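# A look at the structure
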Amino acid sequence: MIVRRNFIREKAFDARNSRYKEVELFEYSEEEQEAVRQKRKTRTRASPPKIKSLNDKNSRKHFRWLLFNNFVEGDYLVSLTFDNEYIQKSIPERKREFTNYIKCLRRLYVKNGLELRYLYVIEGVNDEARFHYHLVVNSGNGKVTRDEVELLCGEHTNSKRLQLDSDGTFTSLAVYLMKSKDTKKKWERSWNGSHNLKRPEITTDDNKVSRKTMRKIQDAARNDEVRAIMSKVYPKFKVIDYEIGQNPVTGRDYARFRMIRLE
């Protein structure tokens, strides 16, 4: 008789030497692992609400990671708001004008010996708000000024410097910017960014955390001692926040962490 063992799988949203990472720990089995490797004969499609919820969750996680690992305090949040004449144009025309603005920005940065990095969010497509963009750009330690960035789009532009939250991240900014996800249709993407952004890697490790350690994490959650245990598992990182519970479908324990690298 073959005995199948259960183990703890670590799924990390990370990249080499990144400042910020997200980790999920959950119980997994050799039987499940073998089933995944086998060719599937049939597939059960999840209901649309579950698919949308999962996609939104992963999209927000990806956006957070890009924002936290590509931009620093002192970079700029630029808001581009447009008048009624612009709003009456077709969506392709709007996108073309925004693309032209990005081209002008890129030329400005090249002129100052910099490479432009940006991450943007579109708002006001399906709701009553005025159509506008929020654009996060690097400042090059102030080599490109806010005035220069604003003048490229005239009276419709305002900007401010990014400021870190007390936890050392831009969490409040990420929540504010991603609120547009709630009004998006299924086929619309509410954000995008430049190709030169540092991208996350999704890795799995079945040897990082033992079942014994996982039990300690579960027990520590009752006494708020999780951070002490995690400082030993991830000594280079500090836990910002966490969620610990049981999967309502499998009944198995899970733990999710958001962490920032120690200085």
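To be clear, the structure that these remarks concern was listed above.
My aim in this report is to walk through the structure given alongside it, one point at a time. Given the structure is predicted, the values throughout are model-derived calculations rather than measurements.

So, about the overall build of the chain. Along the chain, the regular secondary structure elements total eight helices and 10 strands. The buried share of the chain, taken over its 263 residues, is 41%. Residue pairs at least 24 apart in sequence account for 71% of intrachain contacts in the chain once pairs closer than 6 positions are excluded. Carbon and sulfur atoms make up 48% of the accessible area of the chain, which amounts to about 16300 Å² in all.

Turning to the packing of helix α7 (residues 211–223) against helix α8 (residues 226–233), a few remarks are in order. Packed helix pairs are characterised by how far apart their axes lie and by the angle those axes make with each other. At their nearest, the axes of α7 and α8 sit 8 Å apart, and the two run at 155° to each other. With respect to α8, the axis of α7 lies roughly antiparallel. Contacts between α7 and α8 involve T213, K216, I217, A220 and A221 from the first element and V226, I229, M230 and V233 from the second. Looking at side-chain class alone, the contact of α7 with α8 contains seven nonpolar, one polar and one charged residues.

Attention now moves to the nonpolar core. Counting 23 residues, the largest nonpolar core has F63, L67, L119 and V136 as the members making the most contacts within it. The set of elements that each furnish at least two residues to this core consists of α2 (48–70), β4 (118–123) and α6 (171–177). A per-element tally of this core places α2 first, with five residues. Residues within four places of L67 in sequence aside, it is in contact with L119, V136, F170, L173 and A174. With 20 residues, the next largest nonpolar core counts L108, Y109, L116 and V144 among its residues.

What follows covers the side chain of E150. Tracing the sequence through the fold places E150 in helix α5 (residues 146–151). R146 provides the closest opposite charge to the buried, unpaired E150, separated from it by 4.3 Å. A polar contact is formed between the side chain of E150 and the side chain of S159, at a distance of 2.6 Å.

Moving on, we come to α8. It helps to recall that an α-helix has 3.6 residues per turn; residues three or four apart then point in one direction. Residues of α8 that are buried: V226, I229, M230 and V233. All buried residues of α8 lie within an arc of 95° about the axis, which places them on one face of the element.

This paragraph deals with the sheet that holds strand β9 (residues 237–246). Across the sheet, which stays open at both edges, the five strands sit in the order β8-β1-β2-β10-β9 with antiparallel pairing between neighbours. Looking at strand neighbours, the two that pair on one side only are β8 (201–205) and β9, the edges of this open sheet. Between one strand axis and the next, the sheet turns by 20° as a mean value, whatever way the strands run. Relative to strand β2 (residues 20–29), strand β1 (residues 6–14) runs antiparallel, the two being bridged by eight bridges. The residue bridging K11 from the neighbouring strand is E24, located in β2. Each of β1, β2, β9 and β10 (253–261) is contacted by α7, which is oriented at about 85° to β10, the strand it contacts most. In this fold α8 packs onto β9 and β10, with an angle of close to 115° to the strand it touches most, β9.

Turning our eyes to something else, we now look at a positive patch on the surface. Residues K212, R215, K216 and K232 make up a contiguous surface patch of positive charge. The element contributing the most residues to the positive patch is α7, with three residues. Tracing the backbone through its elements, the reader meets R215 in helix α7.

About the thresholds
- Residues numbered from 1 in each chain as written.
- Predicted model: local features only at pLDDT ≥ 70, side-chain atom pairs only at ≥ 80, totals over all residues.
- Heavy atoms only, no water.
- Helix = DSSP H or I, 4+ residues; strand = E, 2+ residues; numbered from the N terminus.
- Buried < 20%, exposed > 50% of the residue type's maximum accessible area, 1.4 Å probe, protein only.
- Contact = heavy atoms within 4.5 Å.
- Areas by Shrake-Rupley, 256 points an atom, 1.4 Å probe, with all protein chains shown as cover.
- Axes fitted to C-alpha atoms, helices over the stretch in contact; angles between N-to-C directions.
- Parallel < 35°, antiparallel > 145°, perpendicular 65-115°, else oblique.
- Nonpolar A, V, L, I, M, F, W, Y, C, P; charged D, E, K, R; others polar.
- Core = buried A, V, L, I, M, F, W, Y, C linked by side-chain atoms within 4.5 Å.
- Lys, Arg positive; Asp, Glu negative; His and termini not counted.
- Salt bridge = Lys/Arg side-chain N within 4 Å of Asp/Glu carboxyl O.
- Polar contact = N/O pair within 3.5 Å; in protein donor to acceptor, adjacent residues only side chain to side chain.
- Arc of directions from axis to C-beta.
- Pairing = 2+ DSSP bridges.
- Patch = residues over 30% accessible without salt bridge, like charges linked within 9 Å, V, L, I, M, F, W, Y side chains within 5 Å.
- Charge placed at Lys NZ, Arg CZ, Asp CG, Glu CD.

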